[in-house]
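Topology and contacts: notes
Spelled out from the first residue to the last, the chains are:
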Amino acid sequence: MAYTCATGKHRRPSRMKRATTKAVGAAALTTTGVFGALSASAPAFAADNSVEQTGFTQAIEIGDTVAEQIDAQAAAQQQAAQEAAAQKKAEALAKQRAEEAAKKEREAKERAAREAERKRLNTFVAPVSNSYVSTGYKSGGAVWSSGSHTGIDFHASSGTAVHAVGSGTVVEAGWGGSYGNNIVIKMHDGTYTQYGHLSSIGVSVGQTVTPGQQIGLSGATGNVTGPHLHFEARTSPEYGSDIDPVAYLRSHGVNV
């Protein structure tokens, strides 16, 4: 029947019903704030009255635009976070490299200082500055009890500064019989040096000394005919273990 067909299940809604649906949809979007918020960002759409579809379909299109904006904002935030993380990592790496460079520089300075100190401690000097050997090693004569000179004499008036020729430890400091006031030093290489006929002693047993350190003053104590410094090099602290003092000093870079 015609009546049945007109009210059938698939009958198209009337124009009034469609308009009503649109109005309801627009009102709902306006109530939730979506339409109002979006109309400001899309004034052309809000002012466009020539388009028939002004309801639900257009609201979805605007929603898609907002979603794209949100996605873009999220992507920008993610990129900013990645850039910040990369910057932080770069700063940490730069700090680490700076610390490593500073450490290497500090270690290099420490090595240089140790090397300089080692060289200083291994350096030998003459026992009397700006002097010369007045009596040589093994010189003969009745003045020496052994029959020959067991060391060398440096020309020096009384009161001249006497220096340790190298690094070592004082093992004797005091009266030494025919040597007068004398000092014996065990050197860092295991040899011994002796300084005799001193007018004054400035160190004590057990004291460590360094090259060029003043240890006393020259004089004329003991068995002498005049002021000078008697210098010996030995293999032990005992008398009779003497070796050539000139050769000894020259082997350590001191020309006399």
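Just above sits the structure.
Only a predicted model underlies this, so the values are computations on that prediction, with no experimental measurement involved.

Per the secondary structure count, the chain includes six helices and 10 strands. Taken across its 256 residues, the chain has 26% of its residues classed as buried. Considering only intrachain contacts with a sequence separation of at least 6, the fraction spanning at least 24 residues in the chain is 58%. Here the chain has roughly 15,800 Å² of accessible surface; of this, 56% comes from carbon and sulfur atoms.

Right, let's get into the pattern of salt bridges. Inspection of the entire model under this criterion finds five salt bridges. The residue Lys 109 makes a salt bridge to Glu 105 at a minimum N-O spacing of 3.6 Å. Placement of both Lys 109 and Glu 105 in helix H5 (residues 56–122) is noted, with a separation of four residues, approximately one turn of the helix. Overall, Lys 109 belongs to the exposed group, its relative accessible area being 55%. Of the charged contacts, one joins Glu 115 and Arg 118 as a salt bridge, the two residues approaching to 2.6 Å between their closest N and O atoms. A residue pair is termed a helical-turn pair when its members lie 3 or 4 positions apart in one helix, as Glu 115 and Arg 118 do in helix H5 at three residues.

To continue, consider the pairing of strand E2 (residues 152–155). Here two bridges tie strand E1 (residues 133–135) to E2, and the two strands are oriented antiparallel to one another. Across the sheet, Thr 135 pairs through a bridge with Asp 153, a residue of E2.

Now for the pairing of strand E9 (residues 228–234). Regular strands have side chains that alternate between both faces of the sheet. Most of E9 is tucked away, with seven of its seven residues classed as buried. Residue alternation in E9 divides its side chains into two sets, His 228, His 230, Glu 232 and Arg 234 and Leu 229, Phe 231 and Ala 233, and both sets are buried. As paired strands, E2 and E9 are joined by four bridges and run antiparallel to one another. Note that in E9 the partner of His 155 across the bridge is His 228. As paired strands, strand E6 (residues 192–201) and E9 are joined by five bridges and run antiparallel to one another. The residue bridging Gly 196 from the neighbouring strand is His 230, located in E9. Taken together, the two bridges between E9 and strand E10 (residues 242–243) define a ladder with antiparallel strand orientation.

Conventions used here
Residues numbered from 1 in each chain as written. Predicted model: local features only at pLDDT ≥ 70, side-chain atom pairs only at ≥ 80, totals over all residues. Heavy atoms only, no water. Helix = DSSP H or I, 4+ residues; strand = E, 2+ residues; numbered from the N terminus. Buried < 20%, exposed > 50% of the residue type's maximum accessible area, 1.4 Å probe, protein only. Contact = heavy atoms within 4.5 Å. Areas by Shrake-Rupley, 256 points an atom, 1.4 Å probe, with all protein chains shown as cover. Salt bridge = Lys/Arg side-chain N within 4 Å of Asp/Glu carboxyl O. Pairing = 2+ DSSP bridges.

None of this, on its own, says anything about what the molecule does.
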